[in-house]
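# Close look at the chain arrangement
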Amino acid sequence: MSDHEAAPVLRIKGRVLVGPDEVRDGLWAVDGRITYERPPGADDAVTLTGWVLPGLVDAHCHVGLDHQGPVDAATSEKQALTDREAGTLLIRDAGSPSDTRWTDAREDLPKIIRAGRHIARTRRYIRNFAHEIEPGDLVAYVAQEARRGGGWVKLVGDWIDREAGDLTACWPRGEVEAAIAEAHRLGARVTAHCFAEDALRDLVEAGIDCIEHATGLTEDTVPLFAERGVAIVPTLVNIATFPGLAAAGEARYPRWSAHMRRLHETRYETVRAAYDAGIPVFTGTDAGGSLAHGLIADEVAELVKAGVPPLDALSATTWGARRWLGRPVLEEGAPADLVMYDEDPRADVRVLASPRAVVLNGRVRG
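The text that follows walks through the structure, step by step, so that each part is easy to find. Predicted model, so just to flag it, every value in this text is computed and none were measured. (Residues numbered from 1 in each chain as written. Predicted model: local features only at pLDDT ≥ 70, side-chain atom pairs only at ≥ 80, totals over all residues. Heavy atoms only, no water.)

This brings us to the sheet that holds strand β8 (residues 88-93). With parallel pairing, three strands are arranged side by side in an open sheet as β5-β8-β9. Two strands lie at the open edges of the sheet, namely β5 (56-61) and β9 (111-114), each paired on one side alone. Ignoring which end each strand starts from, the neighbouring axes of this sheet average 20 degrees apart. In terms of strand pairing, β5 meets β8 through four bridges, oriented parallel. Within β8, the position partnered with Leu56 by the bridge is Thr88. (Pairing = 2+ DSSP bridges. Helix = DSSP H or I, 4+ residues; strand = E, 2+ residues; numbered from the N terminus. Axes fitted to C-alpha atoms, helices over the stretch in contact; angles between N-to-C directions.)

Pasting the structure below:
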């Protein structure tokens, strides 16, 4: 059966985790939408049984990108399918040089919220990933990507400065303020890659909406993030690569290598401090650069290891993440995007690694 033919009525039996504290006994999927009312055709419904969560969210993922830069449509499709099989049905693509808008017509692929292409300082990011520009062009490029994207713009806030031999901020304060104001005027939110400490205060005080990685949070900046409601996406599965990166750069950039090791060593403490302060924390894997797709369950487990309570770690990839991105959960009339498990994921988030069934737009996809 093709996606152009009517989807079968699905009966989802089991415990439906509508919210962290709201559980319902079953639901139906009719014409790709959720209903809690018994529909016509129910007697012929396909029945699935298990524990039910909204489709998982990877809020930092790169479809259309690998470690060398843009990839072709076939590779992008494979990346998206790998995420789908892991239960990720909503992606915030945090920067891609490829135009993946063609995936929007594919009901069998995860839904993608795009941030356009990364915007980086000249020769201050990974080759072939970003628009590489100087500060005087920042506002114009932010406006361009705000219009091209799906509600977000992605800046590279810091990167290694070869002259300094360490991570330093990429943008002057004035240009950042003007660029963020322009994005907001155009209806887009702004996020930034930041590993280190130096760029954070200027970005937050300039009105940024989110910081990716955020390994450089300190006792001084944690309260600022909390006060302004600036979210973080820690990408702990990516931060795990820091020791290897540090070792590879040791001979040429010893200061940078030592800095990266310190950021790695304090990663769990940093995330827990952010969570304890009330900073919104969401899950992201950073898949698509050098990391594999389909790692969302690992990232949730990492948040728990950092000290985020399991229910809040689940929310960071389900209810909370979807609301943050303006997308529905398991309410009446919402798209039937859900993942089913053999056991209650609230009791052990490691259950997320083994989906029993994946339902996207009302069809069983895995």
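Here we take up the packing of aromatic side chains. One pass over the full model with this rule turns up six aromatic pairs. Arranged with centres 4.8 Å apart and planes meeting at 75 degrees, the rings of Phe195 and Phe242 form a pair that is edge-to-face. Here the residue Phe195 occupies a position in the loop between β15 (189-194) and α4 (200-205), and Phe242 occupies one in helix α7 (residues 242-249), the gap between them amounting to 47 residues. For Phe195, a relative accessible area of 7% puts it in the buried group. Taken together, the ring pairs connect Tyr125, Phe129, Trp159, Phe195 and Phe242 into an aromatic cluster. The lysine or arginine in question, Arg24, covers the ring of Tyr36, its NZ or CZ lying 3.9 Å from the ring centre. (Phe/Tyr/Trp six-rings, centres within 6.5 Å; stacked < 30°, edge-to-face > 60°. Buried < 20%, exposed > 50% of the residue type's maximum accessible area, 1.4 Å probe, protein only. Lys NZ or Arg CZ within 6 Å of the ring centre and 35° of its normal.)

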